[in-house]
Amino acid sequence: GVNPWFWDRFTGWSDNPNQLALYCAMFGPLALHLAITTSNPLARLYALASLVLTIYVGRLTKSDTYLLTIVLTGLIFIGLRVRTWLTTGKKVGIARQVVLLLMVGLLPLAISVSPYVLAETTTVENFAKSLTKGEGGEATAETASLRINLWDDALQKGLESASLGLGPGPHADRS
């Protein structure tokens, strides 16, 4: 009969949806690695299916940290794959030349497109807010404030104790 604060966030599969999101954040890149490195088509299919499942379940947990982690992991993965693709290989094809030209022209291109991007900032901001738990409303601001307060208190306690590891307990201030 108790409804904790995270009751609407895919409970039933895990007591704490953030714990489930942590597992999804670990198993997603592992499935991606397996999908890339295997040569067996059936194993690749299973790995891609696992990747899709972990991303889907991770999003069902409504964890903002999972969303940030998966976006950063995806960007790092794409960057590393492009770097590997550009630095290896014997023949220089048209696709490689186009990517190299785009990478060289990325900064001037970004500067020239920035006025258009800044004009659409509200649309992008609204999309980013729609991905968070509270959709950028009061709950999101309150959660962010609470997290900053807790991290500030934790760092302050760590500095005061010379990082002796007091851990959670009655000495931690509550907001």
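Keep in mind that this is a model prediction, so the values were computed, not measured.

A.B. asks: Got a sec to walk through the packing of helix H1 (residues 17–37) against helix H3 (residues 64–87)? Specific residues and values, please.
C.D. replies: With their axes 10 Å apart at the nearest point, H1 and H3 run at an angle of 20° to one another. Of the possible angle classes, the one that applies to H1 and H3 is roughly parallel. Where H1 crosses over H3, the handedness of that crossing is right-handed. In contact with Ala 21, Cys 24, Ala 25, Pro 29, Leu 32 and Ile 36 of H1, H3 contributes Tyr 66, Thr 69, Thr 73, Phe 77 and Arg 81. For the contact of H1 with H3, the per-class residue count stands at eight nonpolar, two polar and one charged.

A.B. asks: Explain H3 to me, and be specific about the residues and the numbers.
C.D. replies: Its 24 residues give H3 an end-to-end C-alpha distance of 35 Å, which sits within 8% of 34 Å, the value for a rise of 1.5 Å per residue. Buried within H3 are the following residues: Asp 64, Tyr 66, Leu 67 and Leu 86.

A.B. asks: Now, about the packing of aromatic side chains: what can you tell me, with residues and values included?
C.D. replies: Under the defined criterion, the tally for this structure stands at one aromatic pair. Judged by centre distance (6.3 Å) and plane angle (10°), the ring pair of Tyr 23 and Phe 27 falls under stacked. Of this pair, Tyr 23 and Phe 27 both sit in helix H1, four residues apart, which is roughly one turn of the helix.

A.B. asks: Got a sec to walk through the confidence of the model for the protein? Specific residues and values, please.
C.D. replies: For the protein, the average pLDDT comes to 77, and 68% of its residues sit at 70 or higher. Helix H2 (residues 41–60) holds the highest mean pLDDT among the elements of the protein, 91, whereas helix H6 (residues 121–131) holds the lowest, 65.

A.B. asks: I'd like a description of the nonpolar core, backed by residues and values.
C.D. replies: Leu 20, Ala 21, Cys 24, Ala 25, Val 57 and Tyr 66 together form the largest nonpolar core, which totals six residues. If you tally residues by element for this core, the top one is H1, at four residues.

A.B. asks: I'd love a proper account of a nonpolar patch on the surface, names of residues and values included.
C.D. replies: Together, Ile 94, Val 98, Leu 102, Leu 106, Leu 109, Val 113 and Tyr 116 make up a nonpolar patch on the protein surface, roughly 720 Å² of accessible area in all. Of all elements in the fold, only helix H4 (94–104) and helix H5 (106–119) reach the threshold of two or more residues within the nonpolar patch. Examining the composition of the nonpolar patch, we find that four residues originate from one element, H5, more than from any other. Checked against the element boundaries, Tyr 116 lands in helix H5.

Calculation rules
Residues numbered from 1 in each chain as written. Predicted model: local features only at pLDDT ≥ 70, side-chain atom pairs only at ≥ 80, totals over all residues. Heavy atoms only, no water. Axes fitted to C-alpha atoms, helices over the stretch in contact; angles between N-to-C directions. Helix = DSSP H or I, 4+ residues; strand = E, 2+ residues; numbered from the N terminus. Parallel < 35°, antiparallel > 145°, perpendicular 65-115°, else oblique. Left-handed = near helix turned anticlockwise from the far one by under 90°. Contact = heavy atoms within 4.5 Å. Nonpolar A, V, L, I, M, F, W, Y, C, P; charged D, E, K, R; others polar. Expected span 1.5 Å × (residues − 1). Buried < 20%, exposed > 50% of the residue type's maximum accessible area, 1.4 Å probe, protein only. Phe/Tyr/Trp six-rings, centres within 6.5 Å; stacked < 30°, edge-to-face > 60°. pLDDT = per-residue confidence, 0-100. Core = buried A, V, L, I, M, F, W, Y, C linked by side-chain atoms within 4.5 Å. Patch = residues over 30% accessible without salt bridge, like charges linked within 9 Å, V, L, I, M, F, W, Y side chains within 5 Å. Areas by Shrake-Rupley, 256 points an atom, 1.4 Å probe, with all protein chains shown as cover. Salt bridge = Lys/Arg side-chain N within 4 Å of Asp/Glu carboxyl O.

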